[in-house]
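# Geometric and topological summary
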Amino acid sequence: MHGTVLMLLKRYVQTQYDHSTWLKLMELSGLENVEFDHKTVYPDENIYALVGQAAEMTGLSAGELHEKFGEYLVPDLMFMYQKYVQPEWKTLDMIEHTELTMHKQVRREHPENSPPVLNVKRLGENELIIDYVSPRRMSGLAVGIVRGLATYFDEADRIDVMPTTSHDGERVRIHVRRT
Ligand code: HEM
């Protein structure tokens, strides 16, 4: 997993909880001597262990934690990759174009980066379907990112996001509608 994602996870835990919670999580995950940086690609096992331990500590499910973290990630991701965003885009346009802009650039940056494949079908101006495909089974993060994008584009009260298949699989269909 991209080091930036892990650095943002650290900041998320530090701000939502506190620094000692982060140290505890790292220790419980067997990562006490690791310092994440944005240039390194870390084994996926690191994020699985951190989220698994966080689920035990908070009583929330991994899916719920992914959603919250996904929402939190958006402003930073948008800031880092802003040159790939067209000024007229809103939430649905951003989702429709992620595969060929942001995620394409992420794949280019490092051969080991592997963001999920997002097959997006735009059904109309106000509706689309995302087919999420990733062996990481982190579709909760995708749902959170959609919510975060809606807030970012000032459309939070108009965007409905709903997984229509089991949410913990390698392939998950997510329906997004603007009312
Ligand atoms: C807004 C612009 C976006 C940027 C800059 C971005 C960037 C990234 C980056 C850097 C990663 C880490 C990849 C890796 O470690 O290999 C990632 C992973 C991920 N992205 Fe995006 N992303 C964006 C939008 C989206 C959208 C719209 C969705 C879905 C609706 C999405 C879903 C995911 C998920 C679920 C992961 C976790 C890894 C996985 O499930 O395999 N992203 N993204």
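Up top you'll find the structure we're talking about.
This report concerns the structure included in the present document. (Residues numbered from 1 in each chain as written. Predicted model: local features only at pLDDT ≥ 70, side-chain atom pairs only at ≥ 80, totals over all residues. Heavy atoms only, no water.)

### Examining the coordination of the iron atom of the ligand
Tetrahedral coordination by four donors places them ideally at 109.5 degrees to one another around the metal; octahedral coordination by six donors ideally gives 90 or 180 degrees. If you check the protein contacts of the iron atom of the ligand, you find one donor only, His103 (NE2), at 2.1 Å. Looking at where His103 falls in the secondary structure, it is placed in helix 6 (residues 102-109). (Donors = N, O, S within 2.8 Å, 3.2 Å for Na, K, Ca; no water. Helix = DSSP H or I, 4+ residues; strand = E, 2+ residues; numbered from the N terminus.)

### Quick look at the sheet that holds strand 3 (residues 159-163)
The strand order across the open sheet formed by 4 strands is 1-2-4-3, and the pairing between neighbours is antiparallel. Edge positions in the sheet fall to strand 1 (117-124) and strand 3, since each has one partner strand and no second. The average angle at which neighbouring strand axes cross in this sheet is 20°, direction not considered. In the packing of helix 5 (residues 91-98) onto the sheet, contacts are made with strand 1, strand 2 (127-133), strand 3 and strand 4 (171-178), and the angle to strand 1 comes to roughly 135°. Each of strand 2, strand 3 and strand 4 touches helix 7 (residues 139-152); the most contacted strand, strand 3, lies at about 175° to it. (Pairing = 2+ DSSP bridges. Axes fitted to C-alpha atoms, helices over the stretch in contact; angles between N-to-C directions. Contact = heavy atoms within 4.5 Å.)

### Describing the nonpolar core
Ranked by size, the top nonpolar core spans 48 residues in total, and within it Leu50 and Val176 carry the most contacts. Residue contributions to this core reach at least three from each of two domains, namely domain 1 (3-59) and domain 2 (65-178). Beyond its immediate chain neighbours, meaning those up to four positions away, Val176 contacts Leu92, Ile95, Asn126, Glu127, Leu128, Ile130, Val146, Ile159, Asp160 and Val161. (Core = buried A, V, L, I, M, F, W, Y, C linked by side-chain atoms within 4.5 Å. Buried < 20%, exposed > 50% of the residue type's maximum accessible area, 1.4 Å probe, protein only. Domains from an automatic or database assignment.)

### Thoughts on the packing of aromatic side chains
Aromatic ring pairs are described here by two measures, namely the spacing of the ring centres and the angle between the planes. All told, the structure shown has 6 aromatic pairs when counted by the stated rule. Ring plane angle 55° and centroid distance 5.8 Å describe the contact between Tyr12 and Phe69, whose orientation is recorded as tilted. Of this pair, Tyr12 sits in helix 1 (residues 3-16) while Phe69 sits in helix 4 (residues 62-80); the two residues are 57 residues apart in sequence, bridging distant segments of the chain. When sorted by exposure, Tyr12 lands in the same class as Phe69, which is buried. Pairing Tyr81 with Tyr84 gives two aromatic rings, centres 6.4 Å apart and planes at 40°, and the pair type is tilted. With a relative accessible area of 10%, Tyr81 lands in the buried category. Each member of the aromatic cluster is reached from another via a ring pair, and the members are Tyr12, Phe69 and Tyr72. (Phe/Tyr/Trp six-rings, centres within 6.5 Å; stacked < 30°, edge-to-face > 60°.)

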